[in-house]
Amino acid sequence: FFFMASALSDEVFLQDVVQLVDKKVAETMKNKDLIDNLRIIVDELNEFGVDLTDQNADKEMRTMVYDTATRFKDPKFLHHRKFFVSYMAQGKVNSSHMPIYLNFFKKRSCDKEINKEAFEKDCGIGVSYTDEQIAEVVNQVLDSKKDALDKSGWAFGYGPALGQIKKKIIFADSAKVVQALDDELTKRLGPRPSSEEVKKAAKKKAANKGQKKQKQQKAKPKEEELAYETLSDAVQFHDPKDNIQATPELLEEHLRITGGKVRTRFPPEPNGFLHIGHAKSMNLNFGYAKKNGGVCYLRFDDTNPCKEKQEYIDSIISSMKWLGHTPWKITYSSDYFEQLYELAIKLIKKGCAFVCHQTGAEMARDRRAKVNSPWRDRPIEENLRLFKDMRQGKFEEGKATLRMRADMQSDNPNLRDMVAYRIIYQPHPHVGDKWCIYPTYDYTHCIVDSLEHITHSLCTIEFENRKPSYVWLLNALDLYCPPQIEFSRLNISGYVMSKRKLTLLVEKGIVRGWDDPRLPTIEGLRRRGYTPGGINTLCERVGITRASNLIAQSYLEECVRMDLDKKAPRAMAVLNPLKVIITNFEGETKFLDVPDFPADPKSKTHKVPFSSVVYIEREDFSEEHSKDFYRLTPSQHVGLKYIGDANIAFKKAIKNDKGELVAIEAEMVPKKKVKSHIQWVSSPSASTKPCVITANLYENLLAVEDASSVPNWLDAINPNSLQVVEAFVDPSLFEIEGDHVQFERLGYFYRDPDSTESRQVWNSTVNLKQDKSKK
């Protein structure tokens, strides 16, 4: 068996032995460490008598192999994995209980051997439940929710109920529990409704809850005061007291300092502006701490004075506050520079760091080849002296570094003697010119996490490979080691998310700056008119997973649209005006009372002038009639919004010498049912033009959904991503409260900060969801 499995290529091994689907094979082929782990586990199973080269081997076993390789990899308790594999071979464990198993081993990471009886008792090995026992617990939970079931039916709260049942019979087969719950609900409520019906019921329930809550509140909360009520209950990590440490004393001291409360941090490097991907991290770090009664730091990982600017620091703080987050403390990694220096000395004295004189290119070459530096084994005293010389400025830049002496033979490049300190003769935006040596991110980040006693080091998935070096360094320094938890990045279609690419767009002048409304930067989204509520709703909806995904931009737009629906008053605007002369208009200009929010019968109103000359969208008139065209034609009448007693009918087209349509004549006709009502704009006097604004109409900056899908992403820039037009608007626009508005039938717009009293500029935010052509 060993010869057969080891002789197979990685791809064939994944296809024939682990039996992954093609898509998963392609994904796994990019991760050599994962493939190595899969081979080790398959070999260990063979030692216990399970041959996965046999095509008839249990499918569940293959699933367990992959789950174990991807999840059972924490270096703190990896030495217990073979013990676990022995239970896999016996068919006594299953994938659905993996969190239970991992939690057991995590608490025993310091144990050399595992007590078999304790494992079987704590993890429910051999425990089974009859269908009758499962049904009994299901009925107990559903009986306790009788009122909710009577009121909301299937929308009563299925997820929380399932969670309560599983908590009572934690070792029960998940599939059997779900089936029992569905069967009992069907008996009580009838067949499960369609997903669309369930969604409607849930929305109705949420709306009723919101109305009830609003009545109880004396004042409407500010937009920025977020309560995180929608942060999913599924986002629940370990308790701080379960932070397994190298020694019991480290955990005891940690809990004494934190009081056992959650501590998180949002740690941006101040070398650019935040984008929407950072919004997800903020939402998780600040939200999780707040929801669990803990605290969250805003910490600037400011270890590179060459790229960091006060401008970025100010922008990050502003974006954080705008999104509604309030840090417990604002700290800087540079606040700890003296402690970091002393810890580097400690590292040298323990033989875990050395001064190296290789160039960057030489170092990269040898690290790839797993070749030691010529200076790796120099004496400790010499390293201490040279490191002191580095601090005193006795070396030129690039002539010396301090490197961590970890494991040059490791398959993980992050353990191959990473640089801890380098020489940079440049003032630092926070600490000035006090230092000429600066710690690297890889050295600093984990240590400051430890010094600030972070309970949950939450980071995106690309930092997973750095976890071994994170743990190695803190253990080498005998420091508290925060557990690192990874989650997938937030990627949105049609956006450039790479900081390098964003910088290129700004430097090449393709966009107007970091706050250009076409960019996914927080400042750009803010200027476009996106709201904190909409952005945070998206973050909460996409949830926290490890799976990489590309979220459709329409999903973000829908979240913003929902938030603006109740906030943005309505007004009428025409972007591409066509003059309409109403030949039978009677009397003087009329002023109509138009509601700010037409769907709300108690809405405030604003005045709109209506005279013998109105302007409509040019696309709302067609000289040729078509059954698919619902608006004004020579043979089809159309309604004007808020004109309740008449429609308009075409009479005559007015064209210039070139045959271009410049105006039409129309007449008022008795009100009858028409296919569409259109927006319009008039002015207090038929002899003057309506109020004018500058409207910036934005489309996606990229003509493709994913910049990586084209050879040269700059070739995918959409040349029509910005169109600037002079639009006619009704006068109420200049009197609205706030800076958001919905131009009826067009979309939501936001007043640009460059607006003046004499020249108003409005940015298109999101279009309306409905098909405007039928309105």
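Residues numbered from 1 in each chain as written. Predicted model: local features only at pLDDT ≥ 70, side-chain atom pairs only at ≥ 80, totals over all residues. Heavy atoms only, no water.

What the protein contains, in helices and strands, is 25 helices and 27 strands. For the protein, the C-alpha atoms occupy an extent of roughly 100 × 75 × 55 Å along the three principal directions. Relative to its full complement of 775 residues, the protein shows a buried share of 50%. Looking at the protein alone, contacts between residues at least 24 apart form 70% of all its contacts between residues at least 6 apart. Total accessible area computed for the protein in this model is approximately 38200 Å², and 50% of it derives from carbon and sulfur atoms. When the 116 basic and 110 acidic side-chain charges of the protein are each reduced to a single mean position, those positions are 3 Å apart. (Helix = DSSP H or I, 4+ residues; strand = E, 2+ residues; numbered from the N terminus. Buried < 20%, exposed > 50% of the residue type's maximum accessible area, 1.4 Å probe, protein only. Contact = heavy atoms within 4.5 Å. Areas by Shrake-Rupley, 256 points an atom, 1.4 Å probe, with all protein chains shown as cover. Lys, Arg positive; Asp, Glu negative; His and termini not counted. Charge placed at Lys NZ, Arg CZ, Asp CG, Glu CD.)

With that settled, consider helix 17 (residues 337–349). For helix 17, built from 13 residues, the straight-helix expectation of 18 Å at 1.5 Å per residue is met to within 8% by its first-to-last C-alpha distance of 19 Å. For helix 17, every residue scored as buried is listed here: Phe337, Leu340, Tyr341, Leu343, Ala344, Ile345, Leu347 and Ile348. One or two positions beyond helix 17, positive phi appears at Gly351, with a value near 75°. (Expected span 1.5 Å × (residues − 1).)

All right, on to the pattern of salt bridges then. Inspection of every chain in the model, using the stated rule, returns 44 salt bridges. Among the ionic pairs, Arg108 bridges to Asp122, the shortest N-O distance being 3.1 Å. Taken together, the positions of Arg108 in the loop between helix 7 (98–107) and helix 8 (116–122) and Asp122 in helix 8 put the pair 14 residues apart, joining distant regions of the chain. Its salt-bridge partner being Arg299, residue Glu452 comes within 3.0 Å of it at the nearest N-O pair. Of the two residues, Glu452 sits in the loop between helix 20 (441–451) and strand 8 (457–460) while Arg299 sits in strand 2 (residues 295–300), which places them 153 residues apart along the sequence. Put simply, Arg265, Arg299, Asp301, Asp449 and Glu452 are held in one network by salt bridges that share partners. (Salt bridge = Lys/Arg side-chain N within 4 Å of Asp/Glu carboxyl O.)

Looking now at the packing of aromatic side chains. According to the stated counting rule, one finds 31 aromatic pairs in the structure shown. Ring geometry for Phe237 against Tyr288: centres 4.9 Å apart, planes inclined by 55°, an arrangement best described as tilted. Placement of Phe237 in the loop between helix 13 (195–216) and helix 14 (248–258) and of Tyr288 in helix 15 (residues 276–291) is noted, with a sequence separation of 51 residues between them. Under the relative-accessibility criterion, Tyr288 is labelled buried at 1%. A connected cluster of aromatic rings, assembled from ring pairs, spans Phe72, Phe77, Phe83, Phe84, Tyr87, Tyr101, Phe104, Phe105 and Phe119. Directly above the aromatic system of Tyr341 lies the positively charged group of Arg391, at a separation of 4.5 Å from the ring centroid. (Phe/Tyr/Trp six-rings, centres within 6.5 Å; stacked < 30°, edge-to-face > 60°. Lys NZ or Arg CZ within 6 Å of the ring centre and 35° of its normal.)

Contact geometry of helix 17 with helix 20 gives a least axis separation of 11 Å together with a crossing angle of 110°. For the element pair helix 17 / helix 20, the angle class is roughly perpendicular. Here Gln339, Leu340, Leu343, Ala344 and Leu347 of helix 17 lie close against helix 20, whose contacting residues are Tyr443, Thr444, Ile447 and Leu451. Here the residues of the contact of helix 17 with helix 20 sort into 7 nonpolar, 2 polar and no charged. (Axes fitted to C-alpha atoms, helices over the stretch in contact; angles between N-to-C directions. Parallel < 35°, antiparallel > 145°, perpendicular 65-115°, else oblique. Nonpolar A, V, L, I, M, F, W, Y, C, P; charged D, E, K, R; others polar.)

Now for the pairing of strand 9 (residues 484–487). Both faces of strand 9 are covered, namely the face carrying Gln484 and Glu486 and the face carrying Ile485 and Phe487. In this structure, strand 8 lies alongside strand 9, joined through 4 bridges in parallel fashion. Residue pairing across strands places Leu458 opposite Ile485, the latter belonging to strand 9. What joins strand 8 to strand 9 is helix 21 (residues 467–476), and the crossover it makes is right-handed. (Pairing = 2+ DSSP bridges. Right-handed = clockwise from strand over helix to strand, strands pointing away.)

Attention now moves to the sheet that holds strand 22 (residues 681–682). Strand pairing in a sheet is mediated by backbone hydrogen bonds. Such pairs are either parallel or antiparallel. Sheet architecture is open: 7 strands sit in the order 21-18-19-20-14-17-22, paired in mixed fashion. Lying at the two open borders of the sheet, with one neighbouring strand each, are strand 21 (677–678) and strand 22. Bridging between strand 14 (residues 577–582) and strand 17 (residues 613–617) involves 5 bridges; their strand directions are antiparallel. The partner of Lys579 across the bridge, within strand 17, is Tyr615.

Pairing is antiparallel across the open sheet formed by 4 strands, whose spatial order is 4-5-6-7. Each having just a single partner strand, strand 4 (353–356) and strand 7 (437–439) make up the two edges of the open sheet. Neighbour-to-neighbour, the strand axes of the sheet open up by a mean angle of 20°, direction not taken into account. Bridge count between strand 5 (residues 401–404) and strand 6 (residues 419–423): 3 bridges; the pairing is antiparallel. If you follow Arg403 over to strand 6, its bridge partner there is Val419.

Counting buried positions along strand 6 gives 5 out of 5 residues, so the element sits mostly inside the fold. Bridging between strand 6 and strand 7 involves 3 bridges; their strand directions are antiparallel. Residue pairing for strand 7: Ile423 is matched across the bridge by Ile437.

Let's shift gears to helix 22 (residues 499–507). Along an α-helix, residues three or four apart share an orientation, since each turn contains 3.6 residues. Looking at helix 22, one finds that the buried residues are Lys501, Leu502 and Leu505. Seen from one end, helix 22 has its buried residues packed into an arc of 100°, which puts them on one side. In helix 22, the exposed residues that point more than 90 degrees away from the buried face are Arg500 and Glu507. Here helix 22 starts with a cap whose side-chain oxygen sits 3.3 Å from the backbone nitrogen of Arg500, and that cap is Ser498. One or two residues past the end of helix 22 sits Gly509, with phi positive at roughly 75°. (Arc of directions from axis to C-beta. Polar contact = N/O pair within 3.5 Å; in protein donor to acceptor, adjacent residues only side chain to side chain.)

With that out of the way, let us pick up unusual backbone geometry. Unusually for a residue other than glycine, Asp417 sits at a positive phi of about 50°. Overall, the relative accessible area of 0% leaves Asp417 in the buried class. Positioned with a positive phi, Tyr642 is a non-glycine residue whose angle comes to about 75°. Turning to its location among the elements, Tyr642 is positioned in the loop between strand 18 (638–640) and strand 19 (646–655). Residue class for Tyr642 comes out partly exposed when judged on its relative accessible area of 29%.

Our focus in this paragraph is the packing of helix 4 (residues 32–47) against helix 5 (residues 59–71). Running from amino to carboxyl end, helix 4 crosses helix 5 at an angle of 130°, the nearest separation of the two axes being 9 Å. The pairing of helix 4 with helix 5 is recorded here as oblique in orientation. Helix 4 and helix 5 meet at a crossing whose hand is right-handed. Residues Leu34, Asn37, Leu38, Ile41, Val42 and Leu45 of helix 4 lie in contact with helix 5, whose contacting residues are Met61, Val65, Tyr66, Thr68, Ala69 and Thr70. Residue composition of the contact of helix 4 with helix 5, by class: 9 nonpolar, 3 polar and no charged. (Left-handed = near helix turned anticlockwise from the far one by under 90°.)

Quick look at the environment of Gly529 now. Tracing the chain through its elements places Gly529 in the loop between helix 23 (522–528) and helix 24 (532–542). We classify Gly529 as buried; its relative accessible area is 0%. Beyond its immediate sequence surroundings of up to four residues, Gly529 is in contact with Leu564, His740, Tyr750 and Thr765.

Low-confidence regions, as indicated by low pLDDT, have predicted coordinates that should not be scrutinised in detail. Predicted confidence across the protein gives a mean pLDDT of 87, with 93% of residues reaching 70 or more. Low pLDDT, under 50, characterises residues 212–230; the stretch is placed with 20 contacts to residues that sit more than four places away or in other chains. (pLDDT = per-residue confidence, 0-100.)

As for its position among the elements, Gln90 is in the loop between helix 6 (81–89) and helix 7. Along the sequence, Gln90 and Gly360 sit 270 residues apart, while their C-alpha atoms lie 51 Å from each other. A distance of 3.2 Å separates the side chain of Gln90 from the side chain of Lys92, its partner in a polar contact.

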